[in-house]
Amino acid sequence: MSSIAQKKGFGATLWDYLTTVDHKKIAILYLITGGLFFVIGGIEAMVIRIQLAQPDSDFVSAGLFNQMITMHGTTMIFLAAMPLLLGFMNAVMPLQIGARDVAFPFLNSLGFWLFFFGGIFLNLSWFMGGAPDAGWTSYASLALASPGHGIDFYTLGLLISGFGTLIGGINFLVTIINMRAPGMTYMRMPLFTWTTFVASALILFAFPPLTVGMVFMMVDRMFDGNFFDHTMGGNTIIWEHLFWIFGHPEVYILILPAFGIFSEIFATFSRKRLFGYSAMVFATVLIGFLGFMVWAHHMFTVGLGPTANAIFSVATMAIAVPTGVKIFNWLLTIWGGSIKFTVAMIYAVAFIPTFTAGGVTGIMLASAPLDYQLHDSYFVVAHFHYVIVGGVVLGLLAGLHYYWPLMFNTMLSEALGKWTFWLFFIGFHLTFFIQHFLGLLGMPRRVFTFGANQGWDLYNLISSIGAIGMALGVAVLVVNIIRTIVKNEKVGRDPWGDGRTLEWAVPQPVPFYNFKQTPLVRGLDTFWIEKQEGNKEGMTYAEPVGDIHMPNNSFIPVVISFGLFVAAFGALYNGEQPWAVPVLILGLVITFGAMIVRSLKDDHGYHVHKEDLMDEKGGKH
Amino acid sequence: MDLNTKYTPQSWPDHPENTTLEGKNKFTGFWLFLGGETVTFASLFATYLALKNKGPSGMEFTTQDLFELPLVFIMTMLLLTSSLTSVYAMYHMKNYNFKAMQAWLMVTVILGLAFLGFEIYEFNHYVHLGFTFGQSAFSSAFFILVGTHGAHVVVGLGWIILLMVRNAKRGLNLYNAPKFYLASLYWHFIDVVWVFIFTVVYLMGVVG
Amino acid sequence: MMKGIKKWRLFSLLTALMVILSGCGEKHLSTLNPAGQVGRDQLDLMLLSTGIMVLVIIVVLIVYVLAIVKFRRSKVGEDVIPKQVEGSHKLELIWTVVPIILLLILAVPTVVKTFDFADVSGMETVNEEGNKTAVTVNVEANLYWWEFEYPDLGIVTSQELVVPTQEKVYFNLIAADVKHSFWIPAAGGKMDTNVDNLNQFYLTFDDASDGLEEGVFYGKCAELCGPSHALMDFKVKSLDRDDFDAWVVKMQDSGAEQAVEGDVAQQGQDIFNKSCITCHAVSGAGTAGSVGPNLATFGDRNRVAGFMDHTEEDIKKWISNPKEYKPGNLMPQPEAINNGKKFTDQELTALTEYLMGLSVED
């Protein structure tokens, strides 16, 4: 039980993390795994930029290059950005709403391990005959024609990790709906919780179409299906629809939580409440809603006809309105405030012009006739990196600095943080700004090389030099993290001094049950209110100290996920190896067996008793 | 609150499925899950409609000469009735009448198994005609749509049987009441999906 | 201090603008140098949207710079607690309504042009004799090469598209194997070649391409289609209508007239007829659907295999090892078509000589 041991050996710690159902520890697991995949995806990006630094380069072969771009996109979206965001949601959201854990701690753990094994499975493709090579969008005709098992790793890996994400989404939704502390009405929820809520709803409705598409692709390649084989009556455009019905909301699944992180940071370091809170909430919900209405703008050149193109053009433009509302509300939040330029705030401040630039090129792409020129050119590459790096990654880096003290009770070096920022930020603009023009000058995306003297040589070189800056920035960040862990200087509660929301009111290190007494929330920015009124404890309580019910740790999530991991190998080699079907069955037996064990064994959890809480020792892990 | 407390019909709460926080969470979560399931089936239906009757050139199978309404009508009736019997079971669950609940769940399971038997017969029949999974895009879409529903039926039946066996000796409490409730909710969902399959695949296939 | 910064900003902005304007890219390849009405309309939309967007960015930047300069903590004081403003309905209304208006300004031409560019009704127009007035090209995209069939003229070519100027040229687009995308950046936006269905659109070219650096526009495949996606280039030659008609006639007659001059070329033809002709036709008269690119105009072309220099040396390189130069492409290695042997230097020279002689131009 996690409450007993003070100092544990490595084995015990490992076992603790393998079995934990504590949202704070799962957050750390997401952070580590997501961080690892982020570095892998970054290395793949560097290979791409080295290859394209000069014309007619043969640093990597054409086939390997296609594997690189595919895995770079897939890794960054599914295995880095999303898990990192899920990590922050896990770390912060329950504390923000005054909950002792998420609604389904067991499922929370299961969600992580599914993602983990799915991600590992996908990356094993590098060592088992080659990675997927049809682009992260994996358009059907090319994916079906792709030799080897790369695409099979892609579909199976994403199916497994997709289930994990879906479970995570449902979990957060229920947590926010049912487990808010007394007084935490919907319109008092911090923006990060709101964006978590909307992003989770998007996950719930966007992942099923992806799952369906992946299943189609899987049966087409492995089990004799004909969904995308046009000679058998199939249709490849179905894949494009399913993929983008998922794919566009996915963009908002990524960017909304980043918006949430920035909203918290702007308010905190401007010492001012968020300007136009209700408009911000409304804009978030509206973006989430419109996110489902615009998927075909990725398909303007597919030939859907002018009516569809015109409708999706206008619908896409409409999204600019709520996004603009957000930008201006952020500006007005810092306006009239007292801005402290911590590293987190620097990232937030840098985000505004960067994301605005990414947003406006989005409007250009929204115009279908103009998109005919820009689509699948480097202009698009520039655009979505401005949105995803300039929005999501800056948000992740900002969140890392901002929430680090909350998660680890230590603080990342601000000096090194600034180094990372400048290297990364300048490197980023150097890499991607010029790519807009490469697109306009006729350079298609996903080319493994380009001929000299087409007017692209210099721009590509500049772009590659910029990428070095980004890599150096990340390297400094890694040093920063290691240094901080080694130094291990505790910083205590509310380290920024200007914390406004409930998570900063919790004592450090955060007790495993989060709140000894459930807090009573008295308004938006409840911690700020308490501080202004001179409440040293930072919280008003809604209940007397009493027994706290906690869930038991469990190893079953790892077993369930591992079973699917095994089964995936069976499916992959179906019809090729004699052991394929037995392995497939074995994996499914492990998974379903573990699920049956879980449901047969009554697991009521345990209670932390009032007496233990009273003598203050309950606060230790 | 001890989840294993014994209740009497008088002390048993009106909404045993969401009296505890745990039950309430499961209740909310499961409804959301069904939302996701709805999108899944919507995607499958859309694909089916796009690929209906599509196959390699010269394909001889169409919905008109493949489907037989009488068989499917019987299957529909079986599943609809099983949905009704699961409502009875939940009625008794709310009245803390464990034996009656188990009995009605048993009826539900038997009806569900009968449905499944017919479905297996139907699929087998098609395969013998040469309408196999890999025969055409149409066959793939058909088997995936109806087969996914069939898989849901299997999972639903397994779940209900597991709950009945597991709790046979222990009777109802606030820990397992939400589970029974959700299993029955799942069963209703499966039933609703079937109504759509019956309409969109079979009825519109033969008549439309 | 502040003024200095602002001046510096303005200066750098202007420099950037200069660089951008002077660097509109190559005339045969850049979307910023449109070669016809379609590309011009698209550039106009680009300029309009860029204008609107720059306006937005300037407004954001002004508020932004003022905010982060005026309200730094070092300036307002360490212990100041700012007024906790809730929001402003008036401001919210402004930044909701103004963007909507700006977007409408962009939305109207967007919708109009979307329908304009999709209008291919002119394809079917016929003159008094019942002949189609417009040129229609059936484009079939193959794993790393392009086939262009002129169904109304009874001719077919590959890798180099030839079009008349000053009129709408219509395209029927389809892919033979996997999805590709047909893009001539200088002439206008792209359209996908799907495997499942035919796509149609049109482009226009103002002037004959012989004024260009290499005499051709560059065309690209814009959809990832496998390892050699990057090498799936094609070229476009635009001719005045009279020249175009003359070219068509020559193409129609090219079957009989591919005269072979000299012994070396004659030997090349023999090798070709033995090893290559099953896939490659040398007559421009015909229909689409051959296994390999039609070579009737090979001698007139600008590139070998779509991307290599059109020199004898590169032709030999290409023929002797196609797999190396275009990974994943379907042209057999020499061993597969020459009784298990590589071509000798002499055979390569002969083939090259023969191929270079395949021409319909003078």
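Up top you'll find the structure we're talking about.
Bear in mind the structure is a predicted one, so any value in this text is a computation, not a measurement.

## Structural notes on the overall build of chain B
Working step 1: A count of helices and strands for chain B gives six helices and zero strands.
Working step 2: For chain B, the N- to C-terminal ordering of α and β elements is α-α-α-α-α-α.
Working step 3: In terms of principal-axis extent, the alpha carbons of chain B reach across some 65 × 30 × 25 Å.
Working step 4: A total of 208 residues make up chain B; the buried ones form 55% of that total.
Working step 5: Considering only contacts within chain B whose residues lie at least 6 apart along the sequence, 80% involve residues at least 24 apart.
Working step 6: Accessible surface computed for chain B: about 8900 Å², of which carbon and sulfur atoms make up 70%.
Working step 7: Taken as two groups, the 11 positive and 11 negative side-chain charges of chain B have centres that lie 14 Å from each other.

## A few points about a nonpolar patch on the surface
Residues and elements named next belong to chain C.
Working step 1: On the surface, L48, L93, V97, I101 and I105 cluster together into a nonpolar patch covering about 420 Å² of accessible area.
Working step 2: Counting residues per element, the nonpolar patch draws most heavily on helix α4 (residues 89-117), which supplies four residues.
Working step 3: Topologically, I105 is positioned in helix α4.

## Comments concerning the interface of chain A and chain B
Working step 1: Counting residues at the interface gives 35 residues for chain A, matched by 36 residues for chain B.
Working step 2: Taken over both partners, the interface formed by chain A and chain B buries close to 2800 Å², and the fraction arising from carbon and sulfur atoms is 69%.
Working step 3: Area buried by chain A at its contact with chain B is led by N178, F227 and H604 of chain A, which between them contribute 18% of it.
Working step 4: Counting every contact that joins chain A to chain B gives zero salt bridges.
Working step 5: The interface formed by chain A and chain B holds eight residue pairs in polar contact (both at pLDDT 80 or more) in total.
Working step 6: When contributions to the side of chain A that touches chain B are tallied by element, the ones reaching two or more residues are α6 (150-178), α7 (191-222), α8 (236-270) and α18 (580-600) of chain A.
Working step 7: Broken down by class, the residue content of the side of chain A that touches chain B amounts to 22 nonpolar, ten polar and three charged.

## Observations regarding the sheet that holds strand β5 (residues 168-175) of chain C
Residues and elements named next belong to chain C.
Working step 1: The five strands lie next to each other as β3-β2-β1-β5-β8, forming an open sheet whose pairing is mixed. Each edge of the open sheet is held by one strand with a lone partner, namely β3 (155-158) and β8 (199-204). Sheet twist, expressed as the mean angle between neighbouring strand axes with direction ignored, is 25°.
Working step 2: Direction of pairing for strand β1 (residues 135-142) relative to strand β2 (residues 145-150): antiparallel, over a ladder of five bridges. By the bridge assignment for β2, N138 is matched with E149.

## Some details on the interface of chain C and chain A
Working step 1: With 84 residues of chain C at the interface, the matching set in chain A holds 94 residues.
Working step 2: Buried surface at the junction of chain C and chain A, both sides included, amounts to about 7300 Å², of which 68% is carbon and sulfur.
Working step 3: Among the residues of chain C in contact with chain A, R73, W95 and L224 of chain C are the three that bury the most area, contributing 11% of the side total.
Working step 4: One can count two salt bridges joining chain C with chain A.
Working step 5: With a closest N to O distance of 2.9 Å, K179 of chain C and E240 of chain A form a salt bridge.
Working step 6: Between chain C and chain A we count 29 residue pairs in polar contact (both at pLDDT 80 or more) in total.
Working step 7: Those elements that provide at least two residues to the side of chain C that touches chain A are α2 (37-70), α3 (73-76), α4, β7 (188-193) and β9 (217-221) of chain C.
Working step 8: With 16 residues, α2 of chain C is the single largest residue contributor to the side of chain C that touches chain A.

## Let's talk about helix α13 (residues 378-408) of chain A
Residues and elements named next belong to chain A.
Working step 1: Of all the bends in α13, the greatest reaches close to 45° and is centred on Y402; the proline P405 follows between one and four positions later.
Working step 2: Most of α13 is tucked away, with 29 of its 31 residues classed as buried.
Working step 3: One or two residues past the end of α13 sits N409, with phi positive at roughly 60°.

## Let's talk about the arrangement of the chains
Working step 1: The protein chains that touch form two pairs of chains, and the pair with the most contacts between them is chains A and C.
Working step 2: Chain B shows no contact with chain C. Their nearest C-alpha atoms sit 12 Å apart.

## Concerning the sheet that holds strand β4 (residues 160-164) of chain C
Residue and element names in this part refer to chain C.
Working step 1: Pairing is mixed across the open sheet formed by five strands, whose spatial order is β4-β10-β9-β6-β7. The open sheet has two free edges, formed respectively by β4 and β7, since each of these has just one partner strand. Sheet twist, expressed as the mean angle between neighbouring strand axes with direction ignored, is 25°.
Working step 2: Where β9 lies against strand β10 (residues 234-239), three bridges are found, and the strand directions are antiparallel. Directly across from F217, in β10, lies its bridge partner V236.

## Focus: the pairing of β10 of chain C
Working step 1: For β10 of chain C, a buried count of six out of six residues is recorded, marking the element as mostly surrounded by other parts of the structure.
Working step 2: What you see with β10 of chain C is no split at all: F234, V236 and S238 of chain C on one side and K235, K237 and L239 of chain C on the other are buried throughout.

## Some thoughts on unusual backbone geometry
All names here are of chain A.
Working step 1: For the peptide bond that leads from Q508 to P509, omega is -10°, which places it in the cis range.
Working step 2: By the secondary structure assignment, P509 is in the loop between α15 (457-487) and β1 (519-520).
Working step 3: Phi at N409 takes a positive value of approximately 60°, unusual for a residue other than glycine.
Working step 4: In this structure, N409 sits in the loop between α13 and α14 (414-440).

Analysis parameters
Residues numbered from 1 in each chain as written. Chains lettered and ligands numbered in written order. Predicted model: local features only at pLDDT ≥ 70, side-chain atom pairs only at ≥ 80, totals over all residues. Heavy atoms only, no water. Helix = DSSP H or I, 4+ residues; strand = E, 2+ residues; numbered from the N terminus. Buried < 20%, exposed > 50% of the residue type's maximum accessible area, 1.4 Å probe, protein only. Contact = heavy atoms within 4.5 Å. Areas by Shrake-Rupley, 256 points an atom, 1.4 Å probe, with all protein chains shown as cover. Lys, Arg positive; Asp, Glu negative; His and termini not counted. Charge placed at Lys NZ, Arg CZ, Asp CG, Glu CD. Patch = residues over 30% accessible without salt bridge, like charges linked within 9 Å, V, L, I, M, F, W, Y side chains within 5 Å. Salt bridge = Lys/Arg side-chain N within 4 Å of Asp/Glu carboxyl O. Buried area = accessible area lost by both parts, 1.4 Å probe. Polar contact = N/O pair within 3.5 Å; in protein donor to acceptor, adjacent residues only side chain to side chain. Nonpolar A, V, L, I, M, F, W, Y, C, P; charged D, E, K, R; others polar. Pairing = 2+ DSSP bridges. Axes fitted to C-alpha atoms, helices over the stretch in contact; angles between N-to-C directions. Bend = angle between axes of the 7 residues up to and from the residue.

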